[in-house]
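Here is how the chains run, residue by residue.
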Amino acid sequence: MDDALVRAGRAVRLVLLVVLALLFLIPFYLLVRDGLASERDITSPEWTFFPRELRWGNVRELFDDPSVPFARSLLNSALIAVATTLGTLLLASLAGYGLARIPYRHANKVFYGILGTLLVPAAVTFVPSFVLVSSLGWISTLRGLIVPTLFSAFACFVFRQYFLGFPRELEDAAQVDGLGYWRTYWLIVVPNARPVFAAVGTIVFLGAWNSFLWPLVIGQDRDAWTVQVALSSFTTSQVVRLHELFMAAAVSILPLLLVFLCFQRWIVAGVERSGID
Amino acid sequence: MRRRRALWFWVFVGPFALGLALFTYVPLLWSVGLSFFDAHNTVTPTHFVGLDNYTAMLGDDAFVDSLKTFLVFTAFIVPTTYVVSLSLALMANRVRWARAFFRSVFFLPAACSYVVAALIWKMSLFNGVRFGLANTVLGWFGTDPLPWLASTDPPWYWLVIVTVRLWLQAGFYMILFLAGLQRIDPALYEAAAVDGARPGWTVLRHITLPQLRATSVAVLLLLVINAFQAFDEFYNLLSDSRGYPPYARPPLVYLYYTALGQGQNLGLGSAGAVILALVIAVVTLGQARWLKLGRTDADG
């Protein structure tokens, strides 16, 4: 093998990777740049890499602007994302464990009933789900925004796959000690299954924080807006000031970047073991 | 004993199964029911209209166009994302330097929402005025600014729509491919080297791609299913205070305005949702058959 050729190939690949990495980072840079610039800078006819002045005061301006319910929408998003994550983890992990470990005659039928809902793209059901939630009187309530999203067939599926591959010895020992299913689950299984909880939890949190269509449809009052709905309504209106809008968008991804940095390893592990191959 | 186990099974699975039934199966059936009624602004209509909603939807050019829009979008985004994410994985897998850095950079957009990404694309990157970054770059080459999102001839807005999604999701699929690459037995590559196969195209075609078959099938299915859900970027890129332009309306945007817009025509919206669900089922099942889902042998 020609050594020089291999080395040249490696160099080309590295250059290509660096260029692509820069391309992938540009949108993040634009977000921060415009969030810290002045309105005049953003719409200046001469685009410059660095804004002419850095205005950290944009953060305060954003939160002080009475025409923008931004703090409220952040709070709503945080409540919804945390509640959705905890609720999904509890419900889906219990169901996944039951399906994987408790022998029951109709378990397979139940499992296929759950799996079948994965074939119905969630977005297609937004009209019917809106119908249901509105008939319950849950429009513009946190209940309406949280409860219908708690039953993730995907999360249940991941937990089931994980528990199927879980070493049985621990549970057998617990059963010999006289622990029933319930205590075995909480005392033995959960503490030993932390990686899958972290992985599913992160994925659910990202999804809940970023979800748009459902909050748009259900959160109709300004007080029930999530961050995404608030941002979207500013983008499509003419009133809001651009630098505030970009600052709002930058603030909105901060919680996710934190979650992301802390749990990145688990996301990757979770994606890899989500059983889709 | 057996009955006790059944009881415990339902203690664990019951709450989840009940919620799923209530919030997935019930709405679906209700929607099918509504689609046969004249349901303006009400979820308990009394005026039965048979298949009228269906014929109205299928006779509506705007709805049929929205289905076409979505097929064009899928035809663009699925192969593009497949090639880009696979290439990223192949490069990031073999680079010896700063591997974690490259993986993170490509995956980072997954933390961004479509709303935020659409904002950057619409207001900063592909802004139709001169100060947008894309138009600034064009300016360096002496080209006039392009009205990216307002231009239907040529349809530059497709470039904007496709690149947003590509940026947001390529990293996620790259991770799937990386996971698949790690599972390939290194002995296969050694054997190929002994046989004199040159690294590069030959090895990619005869070893890597066949070994990635299962991952590829999963990725393609997920890509198509996700393309069917397209709503966020279309809505946020193209609508403004004046509403939504008549072009590039995927089915979900169309249904959103039909069912929840001014008329609140839930009967019509439900009929549209049922039609869309059927189209999706047919395409997904057809694709699964074409990809021979479930075949695990790797001889490609």
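Small disclaimer: the values here were computed from a predicted structure and weren't measured.

About the cut-offs
Residues numbered from 1 in each chain as written. Chains lettered and ligands numbered in written order. Predicted model: local features only at pLDDT ≥ 70, side-chain atom pairs only at ≥ 80, totals over all residues. Heavy atoms only, no water. Helix = DSSP H or I, 4+ residues; strand = E, 2+ residues; numbered from the N terminus. Rg over C-alpha atoms; globule rule 2.2 N^0.38 Å. Buried < 20%, exposed > 50% of the residue type's maximum accessible area, 1.4 Å probe, protein only. Contact = heavy atoms within 4.5 Å. Lys, Arg positive; Asp, Glu negative; His and termini not counted. Charge placed at Lys NZ, Arg CZ, Asp CG, Glu CD. Buried area = accessible area lost by both parts, 1.4 Å probe. Salt bridge = Lys/Arg side-chain N within 4 Å of Asp/Glu carboxyl O. Nonpolar A, V, L, I, M, F, W, Y, C, P; charged D, E, K, R; others polar. Phe/Tyr/Trp six-rings, centres within 6.5 Å; stacked < 30°, edge-to-face > 60°. Lys NZ or Arg CZ within 6 Å of the ring centre and 35° of its normal. pLDDT = per-residue confidence, 0-100. Patch = residues over 30% accessible without salt bridge, like charges linked within 9 Å, V, L, I, M, F, W, Y side chains within 5 Å. Areas by Shrake-Rupley, 256 points an atom, 1.4 Å probe, with all protein chains shown as cover.

Student: Requested: an account of the overall build of chain A, with residues and values cited.
Tutor: If you tally the helices and strands in chain A, you get 14 helices and zero strands. Along chain A, from the amino end to the carboxyl end, the secondary structure elements read α-α-α-α-α-α-α-α-α-α-α-α-α-α. Whereas a compact globule of 277 residues would reach a radius of gyration of roughly 19 Å, chain A reaches 24 Å, over 25% beyond that. Based on the C-alpha atoms only, the size of chain A along its principal axes is roughly 75 × 70 × 35 Å. Counting across all 277 residues of chain A, residues that qualify as buried make up 54%. The long-range fraction of contacts in chain A, counting pairs at least 24 apart against all pairs at least 6 apart in sequence, stands at 72%. The centroid of the 21 positive side-chain charges in chain A is displaced by 7 Å from the centroid of its 19 negative side-chain charges.

Student: Provide a residue-level description of the overall build of chain B, including the pertinent values.
Tutor: In terms of helices and strands, chain B carries 13 helices and zero strands. If you list the helices and strands of chain B from N to C, you get α-α-α-α-α-α-α-α-α-α-α-α-α. If one aligns the C-alpha atoms of chain B with their principal axes, the spans along those axes are about 80 × 75 × 30 Å. With 300 residues in all, chain B has 53% of them scored as buried. Taking contacts inside chain B between residues at least 6 apart in sequence as the whole, the part at least 24 apart equals 65%. Averaging the positions of the 21 positive and the 15 negative side-chain charges in chain B gives two centres separated by 13 Å.

Student: Could you give an account of the interface of chain A and chain B, naming the residues involved and the relevant values?
Tutor: At the interface, 93 residues of chain A touch 90 residues of chain B. Note on chain A versus chain B: buried area summed over both sides is about 8,500 Å², and carbon and sulfur give 80% of it. Across the contact surface, chain A and chain B share zero salt bridges. Tallied by class, residues from the side of chain A that touches chain B come to 68 nonpolar, 19 polar and six charged.

Student: Could you give me a rundown of helix α6 (residues 133-140) of chain B, with the residues and numbers involved?
Tutor: Buried within α6(B) we find B:L133, B:A134, B:N135 and B:T136. In this fold, the buried residues of α6(B) make contact with α1 (3-36) of chain A together with α5 (114-125) of chain B. With its phi angle positive at about 75°, B:G142 sits one or two positions after the end of α6(B).

Student: Tell me about the side chain of A:S93, residues and numbers included.
Tutor: Residues and elements named next belong to chain A. Inspection of the secondary structure puts S93 in helix α4 (residues 70-101). Residue classification places S93 among the buried positions, given a relative accessible area of 2%. In this structure S93 touches T88, F159, F163, Y185 and F197, once residues within four positions along its chain are discounted.

Student: Give a description of the side chain of B:E233 that names residues and reports values.
Tutor: When you line up the elements, B:E233 lands in helix α11 (residues 232-238). Apart from the residues lying within four places of it in its own chain, the contact partners of B:E233 are B:F73, B:Y114, B:I161, B:V164, B:R165 and B:L238.

Student: Give a description of the pattern of salt bridges that names residues and reports values.
Tutor: Residue and element names in this part refer to chain A. Within this structure, the stated rule accounts for 10 salt bridges over all chains. When the shortest N-O distance is used, the salt bridge between R52 and D41 registers 3.0 Å. Of this pair, R52 sits in the loop between α2 (39-42) and α3 (57-64) while D41 sits in helix α2, and the two are 11 residues apart along the sequence. By relative accessible area, which is 5% here, D41 ends up buried. A salt bridge links E61 to R55, with the shortest nitrogen-to-oxygen separation between them at 3.1 Å. A residue is classified by how much of its surface remains accessible, and R55, at 25% relative accessible area, is partly exposed.

Student: Break down unusual backbone geometry for me, citing the residues and quoting the values.
Tutor: Across the junction of B:D153 and B:P154, the peptide omega takes the value -5°, indicating a cis bond. With respect to the helices, strands and loops of the structure, B:P154 is situated in the loop between α6 and α7 (157-182). For A:S140, which is not glycine, the phi torsion reads 60° and is therefore positive. Within the element layout of this structure, A:S140 appears in the loop between α6 (126-135) and α7 (142-146).

Student: Describe in detail the environment of B:A191, supporting the description with residues and values.
Tutor: Its place among the elements puts B:A191 in helix α8 (residues 186-194). Taking the C-alpha atoms as reference, B:A191 lies 29 Å from B:A100; in sequence the two are 91 residues apart.

Student: Go over the packing of aromatic side chains, please, and point to the residues and values.
Tutor: Enumeration over the complete set of coordinates arrives at 57 aromatic pairs over all chains. Centroid distance A:F24 to B:F106: 5.0 Å. Interplanar angle 80°. Geometry classified as edge-to-face. Separated into two different chains, A:F24 in helix α1 and B:F106 in helix α4 (residues 99-107) make up a pair that spans both. A relative accessible area of 9% places A:F24 in the buried class. Geometrically, the ring pair formed by A:Y185 and A:W186 is edge-to-face, given 5.2 Å between the ring centres and 80° between the ring planes. By relative accessible area, which is 0% here, A:Y185 ends up buried. Owing to a relative accessible area of 35%, A:W186 belongs among the partly exposed residues under this scheme. Within the aromatic cluster, the residues linked to one another by ring pairs are A:Y97, A:F159, A:Y162, A:F163, A:F166, A:W182, A:Y185, A:W186, A:F197, B:W8 and B:F12. For the cation-ring pair, A:R160 lies above A:F111, with the distance from its terminal atom to the ring centre recorded as 3.7 Å.

Student: Can you explain the confidence of the model for chain A? Please cite residues and give values.
Tutor: Counting all residues, the mean pLDDT for chain A is 88, and 95% of those residues have values of 70 or more. Per-element confidence in chain A ranges from a low mean pLDDT of 82 for α2(A) to a high of 96 for α4(A).

Student: For the environment of A:V59, give the residues involved together with the corresponding values.
Tutor: With respect to the secondary-structure elements, A:V59 resides in helix α3. For the pair formed by A:V59 and A:M247, sequence separation is 188 residues and the distance between their alpha carbons is 6.6 Å.

Student: So what about the confidence of the model for chain B? Which residues, and what values?
Tutor: Residue and element names in this part refer to chain B. On average, residues of chain B score 88 in pLDDT, and 97% of them are at 70 or above. Within chain B, the lowest mean pLDDT, 86, falls on α8, and the highest, 94, falls on helix α2 (residues 52-58). Complex prediction metrics read pTM 0.89 and ipTM 0.89.

Student: So what's going on with a nonpolar patch on the surface? Which residues, and what values?
Tutor: Where nonpolar side chains cluster on the molecular surface, the patch consists of A:L90, A:W182, A:W186, A:L187, B:L7 and B:V11 and spans about 550 Å² of accessible area. Elements that contribute at least two residues to the nonpolar patch include exactly α10 (181-192) of chain A together with α1 (2-34) of chain B. Ranked by residue count, the leading element in the nonpolar patch is α10(A), at three residues. Looking at the secondary structure, you find B:V11 in helix α1.

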